[in-house]
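This is what each chain is made of:
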Amino acid sequence: MNRQETETLLKQHGQEHLLRFFDALSENEQQTLLRQINAIDFSLLDVLRSDHTPGAQRGVFAPLGALETDEIEARRNEFEAIGLEALKSHKVAAVLLAGGQGTRLGYNQPKGMFNVGETRELYIFQCLINNLTDVVNRVHTWIPLCIMTSDKNHDQTVAFFREKAYFGYNPDYVFFFEQQMAPSTDFEGHILLEEKGKISLSPNGNGGWFVSLSASGVLEKLKAMGVEWLTCFAVDNVLQRINDPAFIGAVISSGCDCGGKVVRKATPDERVGVLCLEDGRPSIVEYYEMTDDMIRLRDEKGNLLYNFGVILNYMFRLDRLEAIRDQKLPIHVVEKKIPCLDPEGNPVSPDKPNGYKFELLVLDMIHMMDSCLAYEVVREKEFAPIKNLHGIDSVDSARELLKKNGVTL
Ligand code: UTP
């Protein structure tokens, strides 16, 4: 599209300001900006016209029980046998969601490159590879590992894995793919400029992973290898077990479309999303969407009715993911601090949120499935998320937990 056509398009969407500095740009910059504008999915902004307060359009919630640790222990051999068999025949691949910007950590490189070691180097990516390698060593075959990056961190991530020789993993079984980006806006819905010739774009949330995996061509490779299930998990939980045979075997033998690892809530009002049913389908209710009753009510054994929080570690049947690929996920509008240009073209580094980012979330994919196995894991053994430098869910708390689990730092 040329300038005139682009102007018409922008007028339709009330975004004419994006060409405000057009005449001051070089020809190359002008072309780049026009390309960026024409790639924008403006329908994303429609969400601003509806009620986008969190939890605005939710259905009727009901509790969903979990496969609890005592039953898992009693049936461990049975589950592991099924899981090991599936892994040996390459039926299960792993997808690492590493496209986020990790702003809370305040680290200006991909989060996985953060060194949690104290007396030696131990990077977040390395912890995850080590955990997956434990399983590789049991099944004596490599497990396909897909790593989702974004435009903001792709090159650095790939270079880091190369530099570190994939931490001993077989590069033939590692597949990088990039997620999509979405524009950011101010509170009035005007798309922000990062530079005079560049729109402010950010990764579109972790929920776009399957669409991006398909578009990248990696999915076809996995299918050719015989993959029938995909696990997906966050970059920042350094303790989580990845593709552990018992989890895989339990999900497969449950007959469910998907499974999610959960931990028992530490306190009734813990700020965690809880796996439950919504209008009869599996779903995740956020802590701020729960009524007082949902937070406090207990069953006859004294356990909370909504007792199991998700840790962003899931497993999906591939054919079910393909069946929902074209369905639209809800768009979450998040208030963020977004560096941008002011109307005069001066750079602004806000110290409080100044606009919206638009995100798709993997947890919404659970609601598109017919059934989900909630699989309980022990918090102290599998949940050490690194969101902040200090305090709750931090580098400090993760280091403590790693040490408690016998990892030398
Ligand atoms: P978070 O919700 O912690 O988001 O991501 P974040 O962007 O990494 O961190 P903050 O909120 O800015 O501090 C949970 C997981 O989802 C991935 C992250 O990399 C992390 O593994 N993610 C998040 C993506 O892969 N893409 C995204 O667009 C967002």
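Structural data are supplied above this passage.
Residues numbered from 1 in each chain as written. Predicted model: local features only at pLDDT ≥ 70, side-chain atom pairs only at ≥ 80, totals over all residues. Heavy atoms only, no water.

Below, the discussion takes up the sheet that holds strand β15 (residues 332-336). Strands pair in a sheet through their backbones, by hydrogen bonds, and they do so in one of two ways: parallel or antiparallel. Taking strand neighbours across the sheet as the criterion, the 3 strands line up as β6-β18-β15 in an open arrangement whose pairing is antiparallel. Across the chains shown, the open sheet's two edge strands, defined by having one partner strand only, are β6 (185-186) and β15. (Pairing = 2+ DSSP bridges. Helix = DSSP H or I, 4+ residues; strand = E, 2+ residues; numbered from the N terminus.)

In the vicinity of the ligand there are 20 residues, among which Leu 97, Thr 103, Gln 179, Val 235 and Lys 387 approach most closely. The contact in question runs from an oxygen atom of the ligand to an N or O atom on the backbone of Gly 205, over 2.8 Å. Contact distances for the ligand include 2.7 Å between an oxygen atom and a backbone N or O atom of Val 235. Surface burial for the ligand is 88%, taken as the share of its 560 Å² of free accessible area covered by protein chains. For the shell around the ligand, a count of residues per class yields 7 nonpolar, 9 polar and 4 charged. (Near = heavy atom within 4 Å. Polar contact = N/O pair within 3.5 Å; in protein donor to acceptor, adjacent residues only side chain to side chain. Areas by Shrake-Rupley, 256 points an atom, 1.4 Å probe, with all protein chains shown as cover. Nonpolar A, V, L, I, M, F, W, Y, C, P; charged D, E, K, R; others polar.)

Successive residues of a regular strand alternate their side chains across the two faces of the sheet. Counting buried residues in strand β3 (residues 145-149) gives 5 out of 5 residues, a clear majority hidden from the surface. Side chains Leu 145, Ile 147 and Thr 149 of β3 all project onto a buried face; the interleaved residues Cys 146 and Met 148 project onto the opposite face, where all are buried too. Across 4 bridges, the pairing between strand β2 (residues 92-97) and β3 is parallel. Following the sheet pairing, Leu 96 is matched in β3 by Ile 147. Note that the unit made of β2, helix α5 (residues 124-139) and β3 has a crossover that is right-handed. For the crossover that starts at β3, traverses helix α6 (residues 154-163) and ends in the parallel strand β4 (residues 174-178), the hand is right-handed. (Buried < 20%, exposed > 50% of the residue type's maximum accessible area, 1.4 Å probe, protein only. Right-handed = clockwise from strand over helix to strand, strands pointing away.)

Time to look at the side chain of Asp 257. Within the secondary structure, Asp 257 is located in the loop between α9 (245-254) and β11 (258-264). Its relative accessible area of 8% is what places Asp 257 among the buried residues. Excluding residues that lie within four positions of it along the chain, Asp 257 makes contacts with Trp 229, Met 315, Phe 316, Arg 317, Arg 320, Met 369, Asp 370 and Ser 371. (Contact = heavy atoms within 4.5 Å.)

Approximately 760 Å³ is the volume attributed to the second largest pocket. Asp 41, Leu 44, Gln 180, Asn 204 and Leu 360 are the residues nearest the centre of the second largest pocket, which is lined by 31 residues in total. Of all the secondary structure elements, the ones that give two or more residues to the lining of the second largest pocket are α2 (27-38), β5 (181-183), α7 (209-216), α11 (318-324) and β18 (355-359). The greatest single-element share of the lining of the second largest pocket, amounting to 3 residues, is contributed by β5. Residue composition of the lining of the second largest pocket, by class: 17 nonpolar, 7 polar and 7 charged. (1 Å grid on protein atoms, 1.4 Å probe; cavity = no way out; pocket = protein on both sides within 12 Å on 5 of 7 lines; lining within 4 Å. Points joined across faces, edges and corners; volume = space filled by probe spheres on them.)

What follows concerns helix α4 (residues 76-88). When the terminal C-alpha atoms of α4 are compared, their 18 Å separation across 13 residues agrees well with the 18 Å that a helix rising 1.5 Å per residue should span. The inward-facing, buried residues of α4 contact α3 (69-74), β2, α5 and α9. Backbone geometry just downstream of α4 places His 90 in the positive-phi region, at approximately 55°. (Expected span 1.5 Å × (residues − 1).)

Although it is not a glycine, His 90 sits at a positive phi angle of roughly 55°. Here His 90 is to be found in the loop between α4 and β2. The exposure class of His 90 is buried, given its relative accessible area of 16%. Phi at Leu 312 takes a positive value of approximately 55°, unusual for a residue other than glycine.

Turning our attention to helix α8 (residues 218-225). The set of residues buried in α8 consists of Val 218, Leu 219 and Leu 222. Around the axis of α8, the buried residues are gathered within 100° of arc, so they sit on the same side. Turned more than 90 degrees away from the buried face of α8 sit Glu 220 and Ala 224, all of them exposed. Buried residues in α8 make contact with β2, β3, β4, α7, β10 (229-234) and α11. (Arc of directions from axis to C-beta.)

Across the 5 residues that make up strand β19 (residues 372-376), a large majority, 5, are buried. The two faces of β19 match: Cys 372, Ala 374 and Glu 376 on one face and Leu 373 and Tyr 375 on the other face are all buried. Summarising the sheet, β11 and β19 pair through 5 bridges and their orientation is parallel. When the bridges of β19 are listed, Cys 258 appears paired with Cys 372.

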